[in-house]
Amino acid sequence: MRNRIRSAAVAAGRGVVLAGWSMVGMGALVALVGALGLLPLVIGVYLTPPAVAAVRGCADRARRWAGRWSGVPVARPYRQRPPFGTGFAERWRHTAWLLADPATRRDGYWLVLNPIVGLTLASVPAVLLLHALWSLVYPFVWRSLGEDGDWYLVFPVSSTVAAAVVALPFALLSAVAAGWAGPRLLRLHGRFTAWLLASAPGEQLAARVRHLTETLSEAVDAQAAELRRIERDLHDGAQARLVAMGMTLSAAGGCWRRTRRRPATCWRRPVRARPRR
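Cut-offs applied
Residues numbered from 1 in each chain as written. Predicted model: local features only at pLDDT ≥ 70, side-chain atom pairs only at ≥ 80, totals over all residues. Heavy atoms only, no water. Helix = DSSP H or I, 4+ residues; strand = E, 2+ residues; numbered from the N terminus. Polar contact = N/O pair within 3.5 Å; in protein donor to acceptor, adjacent residues only side chain to side chain. Contact = heavy atoms within 4.5 Å. Core = buried A, V, L, I, M, F, W, Y, C linked by side-chain atoms within 4.5 Å. Buried < 20%, exposed > 50% of the residue type's maximum accessible area, 1.4 Å probe, protein only. Expected span 1.5 Å × (residues − 1). Bend = angle between axes of the 7 residues up to and from the residue. Salt bridge = Lys/Arg side-chain N within 4 Å of Asp/Glu carboxyl O. Phe/Tyr/Trp six-rings, centres within 6.5 Å; stacked < 30°, edge-to-face > 60°. Patch = residues over 30% accessible without salt bridge, like charges linked within 9 Å, V, L, I, M, F, W, Y side chains within 5 Å. Areas by Shrake-Rupley, 256 points an atom, 1.4 Å probe, with all protein chains shown as cover. Lys, Arg positive; Asp, Glu negative; His and termini not counted. Charge placed at Lys NZ, Arg CZ, Asp CG, Glu CD. Axes fitted to C-alpha atoms, helices over the stretch in contact; angles between N-to-C directions. Parallel < 35°, antiparallel > 145°, perpendicular 65-115°, else oblique. Left-handed = near helix turned anticlockwise from the far one by under 90°. Nonpolar A, V, L, I, M, F, W, Y, C, P; charged D, E, K, R; others polar.

1. Observations concerning the side chain of Ser-70
Turning to step 1, where the next piece is worked out: With respect to the element layout, Ser-70 can be found in the loop between α2 (43–69) and α3 (88–100).
Turning to step 2, where the next piece is worked out: A distance of 2.7 Å separates the side chain of Ser-70 from the backbone oxygen of Leu-186, its partner in a polar contact.
Turning to step 3, where the next piece is worked out: Filtering out sequence-adjacent residues up to four positions away, Ser-70 remains in contact with Trp-65, Leu-186, Arg-187 and Gly-190.

2. Observations regarding the nonpolar core
Turning to step 1, where the next piece is worked out: Of all hydrophobic cores here, the largest spans 24 residues; its most connected members are Leu-32, Val-55, Ala-59, Val-74, Trp-110 and Leu-197.
Turning to step 2, where the next piece is worked out: Of all the secondary structure elements, the ones that give two or more residues to this core are α1 (2–37), α2, α3, α4 (102–141) and α5 (160–197).
Turning to step 3, where the next piece is worked out: Top contributing element to this core by residue count: α2, with seven residues.
Turning to step 4, where the next piece is worked out: If near-sequence neighbours (up to four positions away) are discounted, Val-55 is found in contact with Ala-28, Leu-32, Asp-107 and Leu-111.
Turning to step 5, where the next piece is worked out: Trp-142, Tyr-152, Ala-163 and Ala-167 belong to the second largest nonpolar core, which has seven residues in total.

3. Here we look at α4
Turning to step 1, where the next piece is worked out: Helix length check: α4, at 40 residues, gives a terminal C-alpha distance of 54 Å against a target of 58 Å (1.5 Å per residue), a fit within 8%.
Turning to step 2, where the next piece is worked out: A bend of about 60° at Asn-114 is the largest found in α4, and the proline Pro-115 appears one to four places after it.
Turning to step 3, where the next piece is worked out: Put simply, Asp-101 is the residue that caps the front of α4, since its side-chain oxygen is 3.1 Å from the backbone nitrogen of Ala-103.

4. As for the pattern of salt bridges
Turning to step 1, where the next piece is worked out: Inspection of every chain in the model, using the stated rule, returns five salt bridges.
Turning to step 2, where the next piece is worked out: Residue Arg-63 pairs with Asp-60 through a salt bridge whose shortest N-O separation is 2.7 Å. Taken together, the residues Arg-63 and Asp-60, both in helix α2 and three residues apart, mark about one turn of the helix. The burial state of Arg-63 is the same as that of Asp-60; both residues are buried.

5. A short note on the packing of aromatic side chains
Turning to step 1, where the next piece is worked out: One pass over the full model with this rule turns up nine aromatic pairs.
Turning to step 2, where the next piece is worked out: Between the aromatic rings of Trp-21 and Trp-65, the centroid separation amounts to 5.4 Å while the plane-to-plane angle is 75°, which identifies the pairing as edge-to-face. One end of the pair, Trp-21, is in helix α1; the other, Trp-65, is in helix α2, and 44 residues separate them in sequence.
Turning to step 3, where the next piece is worked out: Here Trp-65 falls in the buried class, since its relative accessible area comes to 10%.
Turning to step 4, where the next piece is worked out: Here the aromatic rings of Phe-84 and Trp-97 are separated by 6.1 Å at their centres, their planes lie at 55°, and the arrangement is tilted. A residue pair is termed long-range when its members are at least 10 positions apart, and Phe-84 in the loop between α2 and α3 and Trp-97 in helix α3 qualify at 13 residues. Grouping residues by exposure puts Phe-84 and Trp-97 together as buried.
Turning to step 5, where the next piece is worked out: Among the aromatic residues, those joined into a cluster by ring pairs are Trp-134, Tyr-138, Tyr-152, Phe-155 and Phe-170.

6. Focus: a positive patch on the surface
Turning to step 1, where the next piece is worked out: A grouping of Arg-4, Arg-184, Arg-187 and Arg-191 is seen on the molecular surface, where their side chains present a positively charged patch.
Turning to step 2, where the next piece is worked out: With three residues, the top contributor of residues to the positive patch is α5.
Turning to step 3, where the next piece is worked out: The exposure class of Arg-187 is partly exposed, given its relative accessible area of 35%.

7. Digging into the packing of α1 against α5
Turning to step 1, where the next piece is worked out: Packing of α1 against α5 leaves a shortest axis separation of 8 Å and a crossing angle of 40°. On the basis of their axis angle, the class for α1 and α5 is oblique. Both α1 and α5 take part in a crossing whose hand is left-handed. On the side of α1, the interface is formed by Arg-4, Ser-7, Ala-8, Ala-11, Arg-14, Gly-15 and Leu-18, while α5 contributes Ala-178, Gly-179, Gly-182, Pro-183, Leu-186 and His-189.
Turning to step 2, where the next piece is worked out: Considering only residue class, the contact of α1 with α5 consists of six nonpolar, five polar and two charged.

Next comes the structure, spelled out in structure tokens:
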């Protein structure tokens with residue numbers, strides 16, 4: 001029982017955080033829509049990248065919470081950012097690249113639907129737990145709500161005993177429902193987040209193909225550079241040996257012409273001219 005109460009309280013607290021984060025996402029959505037609306041006035045080119053960065057920050061936080069709290073890991077689906085310059089044309093290319101990313105569109109869908117679906121799923125555990133607490137204290141405060149009696153849901157209340165008989169079963173029922181539904185609704189919220197913020201299977205395959213292509217290109221470039229280095233080392237070493245051999249033969253030929261009768265002397269002199277290893 002204690003574990004159920006604890007899980008219900010934890011689910012309710014996390015649901016409150018997620019519900020509040022959906023409101024933060026609405027602010028990011030308003031900023032993004034405002035920046036896009038200013039694109040025809042050129043200033044939107046400078047405002048859209050920060051707005052998209054704010055949206056992605058909200059989405060990344062939701063992904064981390066989905067994996068940590070709901071047990072539904074959601075990978076970051078954004079494309080790798082290519083290098084951009086600082087001029088106006090480069091800023092326009094950066095903005096167009098951000099808006100062309102499919103993950104940016106899914107972030108927008110999430111910002112629109114999360115305050116409706118996500119807020120409902122996240123707030124239900126907290127509402128159930130608060131209703132259980134209210135039902136527990138209701139028999140003690142019902143008189144302050146009306147001098148001639150009060151209504152608890154659809155039941156008229158005219159005495160403390162009647163208030164306790166009506167409210168306490170609902171307190172128990174709400175507490176049990178919060179303990180049972182809280183973790184399940186939290187997992188359902190994580191699946192909803194993954195459905196919108198995770199990359200599609202085709203996009204995952206395309207991202208893997210791009211990554212493998214880039215990795216292969218880097219490996220081929222590194223291999224080509226290493227082959228060029230080895231070829232250069234071999235060429236330089238062989239060339240140095242050929243030059244030394246040519247100098248030795250030239251010295252031997254000159255010595256032979258000068259001292260035709262003493263070849264042993266010519267042999268000893270070229271040997272000294274050879275490069276040492």
